[in-house]
Amino acid sequence: MKEIELTVQDVLKRPLFNCAKIIAGKNGVNRKITWSHILEVKDIDMFVNGGELILTTGINLQFDEQHQLDYVKKLIDLNTACLCIEMETSVKSLSEAVLSLAENHDYPIIIFEQTVKFVEITHDLHTLIINRHHQIITDLDRLSTKFNQQSLQPNGILKILQELYHYFQQPAFFFGHASEKYYFPSDQKLVECSIRNFLEENEENIFNQRFIWIKHQTFVVVPVCVFDQIWGYLFLEAFDPSSNDFYTLVLDRAAIAISQILLRFRTIEERKQNLEDDLVRALLLESTFEYEQFSSIFPIQYLKAPLRVICFGLRENPIDSNHPHWEEKKIQISMMLRSLLNKTGFYTLLSVRSHEIIAIVFMPPSVQLHTERDKWNQVLDTLLNINPGYFPTAFLGISSLCFQISSISKGYEEARYVLSLKNRNISHTHFFDEMGIYRLLLPLCKTDALKDYIAYYLGKVLEYDKQNDSELLKTLAIYLECNASKKEAAERLFIVRQTLYHRIEKLKLLLGANFLKPVNRLALEVAIHGYYLEHNQETIEISEKL
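Now for a quick tour of the structure.

Between side chains of opposite charge, a pair can form as their charged atoms come close. Within this structure, the stated rule accounts for 13 salt bridges. One salt bridge connects glutamate 356 with arginine 416, and the closest N-O pair in it is separated by 3.2 Å. Residue glutamate 356 is found in strand β15 (residues 356–362), and its partner arginine 416 is found in helix α12 (residues 408–423); the two are separated by 60 residues along the sequence. Comparing glutamate 356 with arginine 416, the two get one shared label, buried. In the salt-bridge network here, residues are joined through shared partners; they are Lys189, Glu192 and Arg196.

Scanning the model with the defined rule gives 14 aromatic pairs in all. A ring pair is formed by phenylalanine 17 and phenylalanine 112, whose centres lie 5.3 Å apart and whose planes are at 50°; its orientation type is tilted. Placement of the pair is phenylalanine 17 in the loop between α1 (8–12) and β2 (20–24) and phenylalanine 112 in strand β7 (residues 109–112), with a sequence separation of 95 residues. Phenylalanine 17 gets classed as buried once you look at its relative accessible area, which sits at 3%.

One pass over the full model with this rule turns up zero disulfides. Cysteine 82 carries a free sulfur, and the closest cysteine sulfur to it, the one in cysteine 84, is 4.3 Å from it. By relative accessible area, cysteine 82 is classed as buried at 0%.

Let us look at a nonpolar patch on the surface. On the surface, a nonpolar cluster with roughly 310 Å² of combined accessible area is contributed by Val41, Met46 and Phe47. Following the sequence through the fold, phenylalanine 47 ends up in the loop between β4 (35–38) and β5 (52–56). Of the residues examined, phenylalanine 47 reaches a relative accessible area of 38% and is grouped as partly exposed.

With that settled, the discussion passes to the sheet that holds strand β10 (residues 211–214). Taken together, five strands build an open sheet; the order of strands is β9-β8-β12-β11-β10 and the sheet is antiparallel. Whereas interior strands pair on both sides, the edge strands pair on one side only; in this sheet they are β9 (181–184) and β10. Taking each pair of neighbouring strands and ignoring which way they run, the sheet shows an average axis angle of 25°. Here strand β8 (residues 172–176) pairs with β9 via four bridges, running antiparallel. Opposite phenylalanine 175, over in β9, you have lysine 181 as the bridge partner. Along the sheet, helix α5 (residues 156–168) makes contact with β8, β9 and β12 (229–237), crossing β9 at roughly 30°. Helix-sheet contacts for helix α6 (residues 189–202) involve β8, β9, β10, β11 (217–226) and β12, and the interaxial angle to β8 is about 40°.

Within the largest apolar cluster, 35 residues are counted, with the highest numbers of intra-cluster contacts made by Tyr417 and Leu458. Elements with a contribution of two residues or more to this core: α12, α13 (437–444), α14 (449–468), α15 (472–481), α16 (486–493), α17 (497–511) and α18 (518–535). Of all the elements, α15 adds the most residues to this core, at seven residues. In this structure, Ile160, Ala172, Phe174 and Leu236 belong to the second largest nonpolar core, which totals 33 residues.

Rules of the game
- Residues numbered from 1 in each chain as written.
- Predicted model: local features only at pLDDT ≥ 70, side-chain atom pairs only at ≥ 80, totals over all residues.
- Heavy atoms only, no water.
- Salt bridge = Lys/Arg side-chain N within 4 Å of Asp/Glu carboxyl O.
- Helix = DSSP H or I, 4+ residues; strand = E, 2+ residues; numbered from the N terminus.
- Buried < 20%, exposed > 50% of the residue type's maximum accessible area, 1.4 Å probe, protein only.
- Phe/Tyr/Trp six-rings, centres within 6.5 Å; stacked < 30°, edge-to-face > 60°.
- Disulfide = S-S within 2.5 Å.
- Patch = residues over 30% accessible without salt bridge, like charges linked within 9 Å, V, L, I, M, F, W, Y side chains within 5 Å.
- Areas by Shrake-Rupley, 256 points an atom, 1.4 Å probe, with all protein chains shown as cover.
- Pairing = 2+ DSSP bridges.
- Axes fitted to C-alpha atoms, helices over the stretch in contact; angles between N-to-C directions.
- Contact = heavy atoms within 4.5 Å.
- Core = buried A, V, L, I, M, F, W, Y, C linked by side-chain atoms within 4.5 Å.

Shown next as structure tokens:
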């Protein structure tokens, strides 16, 4: 790699420093110099930003031992690069305490034993620094162009890593999602394994880090982002962590080129989305389809794999499918969801419409069914907290586990049923498996059986409430929820206990004195849940939704 920054050691090799001698802080010769500055005043704080080579003759300064100590200590605290003093003019000698302080902090002190022209030194160093900065800009521009050209070539990611290696003479690595990985040179397999293990254990903690340490090796790390999502990480072994800015500038440009490659690959994949959408709709409608037509997007091993159907309902502000940017939005949504689900090991078919998103999620053969729910728990938090700009007020419903392709329409119905109950605050679970009694009531919603059942067990109570504008049904529901505890029921109803006693007597007259017997109580509770469900029923007709 080219020398990208000026060091004290570089300066000592300049012709104007032939008569210079370093008398302390020799271990600090690699300190970086950002500028040079002539200082002949006591109050130096306002003139120093850090990284400067300080030139002084000591004129106008009291250079007794204590003032020398204070002066050098302040230069060290201000993080200057080194101190250059012209001896004999005003400073005759430096105390041992000052030299010891410089040694302890690896702070170089350089003396000129004869008169030198500071203006020539500053001119020489400033020219050198500016030329090097110009070289950095030139290199960055050249590398950016090279990265962009390589991003359009076959195997572009590996070629970008190769270019990084040739420039820095250090190994470079890229890690994408799942098993996607590249590294150069090819003899870095052990290092690649170490970085991959580190990523698996610490990925959540490295987003804001630029330098990390793995097994006594230092690496620069830059995330590769697309659509505000991290799609991978770019690593470069760093021999000089102090060159932080330059490393990250180069790697940021490489990361942009890699993100363009990833986006292009992913966009090509998403061109299959329309075909996939047709397949999902055919499966939901139980239409027959020729496997050969969809073989490019539907691997044959998943024809008999267990699956679940997920429905994302966009309750408010649905996306306008006639909007000119709809297709772009659709691809972005598909890419984001597929990335999240596939990262967990599931295989996903997606259909994205303006009012809802349907995902058919197949379990890979490696997933044991008794651990399948654990994998869902791992992704639910991410799904529910996904970028709200893409999923405004999204509700999530997940069907029960299906074991046949022909069950997909039933799974979709279950997922929408979950959404329906969540929208009405009847239930808050995401899984149809956890719907309890409502699983039994779902098929009854499509017939008059549920209405007849409610009328039989609750008809008199409902009629009484209608005629008298009372709350007997609410009282009954809460009384049963409280396991017939009058004290708790009265508190939840915000009424005195005497009022509750009066209502219970009225319920006995309408329902019979034995309405709390187990079999009667169970029938009433089912009827109450059925009434809540029927009272604001959203009919689920797949053909209309599709």
